[in-house]
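Secondary and tertiary structure notes
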Amino acid sequence: MLRNAFHIVFTLLVALSVGFGSAYYMVENGREMTATTYGSWFGWPETGGSDIDPYRKATLARSGALQLGRAEGVVFTATHDDAGENLVGGCTYLISGTTPSASAWTLRAMPIGPNVSDKNTVYLTSFQINRHNDGTFDITTSPDAQPGNWLSTANMNRMEFILSFYDTNAFLVVGQETTVLPALQKVSCS
Amino acid sequence: MIRFLTYLFAGIVLGGIIHISVILIMPNLSTHNAWTSIERVASPNQIKVIKREAHALRAALDLDPAFVYAVCRVDLADGPVALSGSMPANFWTAALIGPEGEVPYSTNSRTNNNRDLKIGIFTVQQAEMLISEEIDIDPDLQIIRVPSEKLAAIVRVLPSHSDLASAMEEQLGSLKCAQL
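**With respect to the overall build of chain B**
The helix and strand inventory of chain B stands at 5 helices and 9 strands. Along its sequence from the N terminus, chain B presents helices and strands in the succession α-α-β-α-β-β-β-β-β-α-β-β-α-β. For 180 residues, the compact-globule formula gives about 16 Å, and the C-alpha radius of gyration of chain B, at 21 Å, lies well above that figure. For the C-alpha atoms alone, the extent of chain B along its principal axes is close to 75 × 50 × 30 Å. By residue count, 42% of the 180 residues in chain B fall in the buried class. Long-range pairs, those at least 24 residues apart, make up 71% of the contacts in chain B with a sequence separation of at least 6.

**Describing the sheet that holds strand E5 (residues 104-111) of chain A**
All names here are of chain A. Within the open sheet, the 6 strands sit side by side as E1-E2-E3-E9-E5-E6. Their pairing is antiparallel. What marks the edges here is a single partner per strand, and that holds for strand E1 (36-38) and strand E6 (122-125). When strand polarity is set aside, the average angle formed by the axes of neighbouring strands in this sheet is 25°. In the sheet, E1 pairs with strand E2 (residues 41-43) via 3 bridges, with the strands oriented antiparallel.

**Quick look at the interface of chain A and chain B**
Counting residues at the interface gives 48 residues for chain A, matched by 47 residues for chain B. Breaking the side of chain A that touches chain B down by element, the ones donating at least two residues are helix H1 (2-29), helix H3 (54-63), E5, E6 and strand E9 (159-166) of chain A. A per-element tally of the side of chain A that touches chain B places H1 of chain A first, with 13 residues. Its residues placed into classes, the side of chain A that touches chain B shows 22 nonpolar, 18 polar and 8 charged.

**Digging into the sheet that holds strand E2 (residues 68-75) of chain B**
Residue and element names in this part refer to chain B. Pairing is antiparallel across the open sheet formed by 5 strands, whose spatial order is E1-E2-E8-E4-E5. With one partner strand each, in any of the chains shown, strand E1 (47-50) and strand E5 (105-108) form the two edges of the open sheet. Ignoring which end each strand starts from, the neighbouring axes of this sheet average 15° apart. Taken together, the 6 bridges between strand E4 (residues 92-97) and strand E8 (residues 150-157) define a ladder with antiparallel strand orientation.

**As for the domain arrangement of chain A**
Residue and element names in this part refer to chain A. Under the domain assignment used here, chain A contains domain 1 (1-34) and domain 2 (35-189). Once you take the C-alpha centre of each, domain 1 and domain 2 turn out to be 35 Å apart. On the side of domain 2, 8 residues touch domain 1, which itself brings 6 residues to the contact. Among the elements that line the side of domain 1 that touches domain 2, the one with the most residues is helix H2 (residues 31-34), at 3 residues. Taken together, the residues of the side of domain 1 that touches domain 2 sort by class into 2 nonpolar, 2 polar and 2 charged.

**Regarding the confidence of the model for chain B**
Looking at chain B, the pLDDT average stands at 90 and 99% of residues meet or exceed 70. Across the interfaces of the predicted complex, the ipTM metric reaches 0.87, alongside a pTM of 0.89.

**Describing the nonpolar core**
Grouped together as the largest cluster of nonpolar side chains are 81 residues, with contacts concentrated most on Val71, Ile97, Ala153 and Val155 of chain B. If we ignore the near neighbours within four places in the chain, the residues touching Ala153 of chain B are Val71, Cys72, Val74, Leu83, Ala94, Leu96 and Cys177 of chain B.

**A few points about unusual backbone geometry**
At Asp167 of chain A, a residue that is not glycine, the phi angle is positive and equals roughly 55°. Position of Asp167 of chain A among the secondary structure elements: in the loop between E9 and strand E10 (183-189). Classification of Asp167 of chain A as buried rests on a count of 22 C-beta atoms within 10 Å. Of note, Asp62 of chain B is a non-glycine position whose phi angle comes to about 55°, a positive value.

What counts and how
- Residues numbered from 1 in each chain as written.
- Chains lettered and ligands numbered in written order.
- Predicted model: local features only at pLDDT ≥ 70, side-chain atom pairs only at ≥ 80, totals over all residues.
- Helix = DSSP H or I, 4+ residues; strand = E, 2+ residues; numbered from the N terminus.
- Rg over C-alpha atoms; globule rule 2.2 N^0.38 Å.
- Buried ≥ 20, exposed ≤ 12 C-beta atoms within 10 Å, placed from the backbone.
- Contact = placed C-beta atoms within 7 Å.
- Pairing = 2+ DSSP bridges.
- Axes fitted to C-alpha atoms, helices over the stretch in contact; angles between N-to-C directions.
- Nonpolar A, V, L, I, M, F, W, Y, C, P; charged D, E, K, R; others polar.
- Domains from an automatic or database assignment.
- pLDDT = per-residue confidence, 0-100.
- Core = buried A, V, L, I, M, F, W, Y, C linked by C-beta atoms within 7 Å.

Right under this line is the structure:
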């Protein structure tokens, strides 16, 4: 009798741990399994319509974020540089290369942590960027003022970059596998 | 040992069922998703500009700070709703968001040929009635059929300079979101 009760309790404990634990993991950290990655950038270009992946839907429900529709755009996030190291506001990074065809794009630097307000967010738009003759660009993100395209990351500790493309089909059409997003390299840390 | 493995296996299978249930139920139970945030600030069928000073709301919805926003809670229970008005020459987008975060419709200034915003939001039944009863409506109205009666419309405009944001907010505030 006691043995059977133990077995039932054991089974329930395994079920609750596996069920809730794996659901929590997928919502909080499971993006590696559901997101599409381009270098350091990850995002969900297939979502944005009526048919959202259930994991993405659950993640949105938890985060409270408003998703972009298909005709609106696609959002990519980077929390690590190309060497796999965490992004830190005190370091200088070089974001360089080209972007896929889009009506507009924006680049945001946001601190990671609780109570993040958009007051702490800095951004650049595609209309503000100076480009080289071949269309490529370099953006330096740093706590200190830099020549050229500069995004200030002063007063940020752990941070992420958010690259949003508006009115683009670069990630939905045939050939999307050849799409390249800008490189994200650490230059130095103060 | 075999009995232990059997109970372990049963626990894992049951855990799988709990996992699927939690993932599927979470959007319905969430009290701080995008829909509830919009529901708190916007009245049904009225345009509400999300001011640049509304930092907490903009952060909660993870809105791109480069844009200017207006939302409207669309309630189709009493009939179809039209979202219309003059749009600036800048890049803009408009989308309808469902309570679970799905986006049944979206457009942008390029696909809209930079014309003014003029969309009629209908449930499937209302759209069928429109055809069967040959109701007269504005021929320029773009008919959007949506699967649910409750939605949020969100309009985003990208000012060419941040100093133009106030003027854009004013223009978005003059949009109409009302029953047809």
